[in-house]
Amino acid sequence: MADEPLILGIETSCDETGVGIVRGHTLLADALASSVEEHARFGGVVPEVASRAHLEAIVPTMDRALTEAGVTLADIDAIAVTSGPGLAGALLVGVAAAKGYALAAEKPVYGVNHLAAHVAVDTLEHGPLPEPAIALLVSGGHSSLLLVDDLARGVTPLGATIDDAAGEAFDKVARLLGLPFPGGPPIDREARAGDAASIAFPRGLTAAKDLAAHRYDFSFSGLKTAVARWVEARQRAGEPVPVADVAASFQEAVCDVLTSKALAACRAQGIETLVIGGGVAANSRLRALAEQRAEKYGIRVRVPRPKLCTDNGAMVAALGSHLVAAGVAPSRLDLPADSALPLTTVSV
Ligand code: KG4
Ligand code: ZN
């Protein structure tokens, strides 16, 4: 509808420079420039390289998004930008750009939480999020279960990883299997040809003794070590490593734990909607297993299409749009880039 606010979102927290434009819940543009190839040979994102790449990409990406949406900066009602969490130097580029554009065009600016934006992006695909909902947030830097009773004003953390994030586990296991960075997509691909039941890898924090203190927490570092030991044992024995089977069995262990804990949270709280967001939500097995298990309990799973799961500007615009619709006040023009912004702070 033409009277819904037109929101531009800027994302620069990691290695993707994203500018998205939405009207209400309708996606109009999603421009992205990635520096992932510059980091691949290091096996992880190099902060200084990412910051410089953002600096070079921000203005062209902004121009591309406006062209794609067929609007000008003057048409925009508000600018949203990732304020944190993320890499400090990378965040600074987006925040400084947002302030510059906001000041020049006299627009309000919203500094928003990257993780809440991973939840909000689903509204672009499936419409308003029923509240309360449970959100499973799984990215390269975070793995959390949240109770979302008011996405505009705050979310309640139920649990989180106590060591590695789910995406980090994919990246590390890919590396030891000789697969490229980032590791999620190649493991997802390899796993399709493998047998997920061939190797029994551990399911972290699912034993009865762990559940008492860590019912909704995750742990992936033991799994990563178990995969490393298994691969080393094969190599020592001079036997080939069955990459597809290892990938499938590892992926199954991650998806089993993520879906069982997320659905346990839904059932314990009597909540019928599970929304999954973050880069790992692009995983084909995670999506299928969540659907399959949720169906038994009458729980609806909402996962945006893979391109919206990984970092992008549209997710920031989607959260900005939600904040504007909820009547939340804009941020001050001196809003911070906060690398450690807590999950409970939706906007600054
Ligand atoms: O949300 P995101 O793009 O960036 C962060 O905020 O961290 O997530 C990136 C993470 C990486 O660890 C990447 O390996 C993982 O998401 N990922 C996947 C898949 N696609 C991306 N993990 C599993 N399966 C995938 N298909
Ligand atoms: Zn992310």
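Remember, it's a predicted structure, so these values are computed and weren't measured experimentally.

(A) Representation of the coordination of the zinc ion (ligand 2) within the structure. At this site the zinc ion (ligand 2) is bound by His 114 (NE2), His 118 (NE2) and Asp 311 (OD), with donor distances of 2.0 to 2.1 Å. Read in sequence order, the donor residues for the zinc ion (ligand 2) give the motif H-x3-H-x192-D. Of the two residues, His 118 sits in helix α4 (residues 114–120) while Asp 311 sits in the loop between α12 (306–309) and α13 (313–325), which places them 193 residues apart along the sequence. Here His 118 and Asp 311 have matching classes, each one buried.

(B) Representation of the layout of surface pockets within the structure. If you add up the space inside the largest pocket, you get close to 1000 Å³. Around the largest pocket, the lining is made up of 35 residues, and of these Ser 139, Gly 140, Gly 141, Asp 171 and Pro 182 lie nearest the centre. Counting residues per element, the ones that place at least two in the lining of the largest pocket are α4, α6 (166–176) and α7 (184–191). Here the lining of the largest pocket gets six residues from one element, more than from any other, and that element is α6. Counted by class, the lining of the largest pocket contains eleven nonpolar, 16 polar and eight charged residues.

(C) Representation of the UniProt feature "domain: Gcp-like" (unreviewed entry) in the chain in the model. Within the UniProt annotation, "domain: Gcp-like" (unreviewed entry) is assigned to residues 27–317. Taken end to end, residues 27–317 comprises 51% helix and 17% strand; its first and last C-alpha atoms sit 9 Å apart.

(D) Highlighting the sheet that holds strand β4 (residues 78–84). Across the sheet, five strands lie side by side as β3-β2-β1-β4-β5; this open sheet has mixed pairing. Unpaired on one side and paired on the other, β3 (26–34) and β5 (109–113) mark the two borders of the sheet. Strand-to-strand, the axes of this sheet are offset by a mean angle of 20°, without reference to chain direction. Bridge count between strand β2 (residues 16–23) and β3: eight bridges; the pairing is antiparallel. From the neighbouring strand, Glu 16 faces β3, where its bridge partner is Ser 34. The sheet contacts of helix α3 (residues 88–105) involve β1 (6–11), β4 and β5, and relative to β4 the element is tilted by about 160°. Helix-sheet contacts for α13 involve β1, β2, β3, β4 and β5, and the interaxial angle to β1 is about 135°.

(E) Quick look at the sheet that holds strand β6 (residues 133–138). The sheet built from five strands is open, its strands ordered β8-β7-β6-β9-β10 with mixed pairing. Each of the sheet's edge strands pairs with one partner strand only, and the pair in question is β8 (154–160) and β10 (300–302). Each adjacent strand pair in this sheet contributes to an overall mean axis angle of 25°, direction not counted. Set on the sheet, helix α10 (residues 243–269) makes contact with β6, β7 (143–150), β8 and β9 (273–277); between it and β6 the angle comes to about 160°.

(F) Region of interest: the packing of aromatic side chains. A full pass over the atoms with the stated rule returns two aromatic pairs. Measuring from centroid to centroid gives 5.1 Å for Phe 170 and Phe 250, while their planes differ by 75°, and the two rings are edge-to-face. One end of the pair, Phe 170, is in helix α6; the other, Phe 250, is in helix α10, with 80 residues separating them in the sequence. As far as the burial class goes, Phe 170 and Phe 250 line up, both buried. Directly above the ring of Tyr 297 sits Arg 267, whose terminal nitrogen or CZ lies 3.9 Å from the centroid.

The rules behind the values
Position numbers for residues count from 1 along each chain, tracking the sequence in the order it is written. Chain labels run from A onward and ligand labels from 1 onward, assigned in the order the entries are written. Only residues with pLDDT of 70 or above have their local features reported here, since the model is predicted, and side-chain atom pairs are shown and tallied only from 80 upward, although totals for entire chains, interfaces and linings are computed over all residues. Excluding hydrogens and water, the side-chain figures rest on all heavy atoms present in the structure. We call an atom a donor if it is N, O or S and sits within 2.8 Å of the metal, or 3.2 Å for Na, K and Ca. Water is not counted, so some sites may look partial. Helix and strand assignments come from DSSP, with helices taken as H or I runs of at least 4 residues and strands as E runs of at least 2, each series counted from the N terminus. Between buried and exposed lies partly exposed: a residue is buried under 20% and exposed over 50% of the maximum accessible area for its type, with that area taken using a 1.4 Å probe on protein chains only. Grid points spaced at 1 Å over the protein atoms alone were grouped into cavities, where a 1.4 Å probe fits but cannot get out, and pockets, open sets with protein on both sides within 12 Å along at least five of seven lines, with lining residues defined by an atom within 4 Å of a point. Grid points are joined across faces, edges and corners, and a volume is the space filled by probe spheres set on the points. Classification used: nonpolar for Ala, Val, Leu, Ile, Met, Phe, Trp, Tyr, Cys and Pro, charged for Asp, Glu, Lys and Arg, polar for all others including Gly. UniProt positions are given in the numbering used here, feature names are shortened, and annotations may be inferred rather than shown by experiment. The pairing criterion is simple: DSSP has to find at least two bridges between the two strands. Every axis corresponds to a line fitted to the C-alpha atoms, with the helix fit spanning only the stretch in contact, and the corresponding angles, defined between N-to-C directions, vary from 0 to 180 degrees. Any two residues whose heavy atoms approach within 4.5 Å at even a single point are treated as in contact. Side-chain rings of Phe, Tyr and Trp (the six-membered ring for Trp) are treated as a pair once their centres are within 6.5 Å; stacked means planes under 30 degrees apart, edge-to-face means over 60, and tilted covers the remaining angles. In this analysis the charged atom, NZ for Lys or CZ for Arg, is taken to sit over a ring once it is within 6 Å of the ring centre and within 35 degrees of the ring normal.

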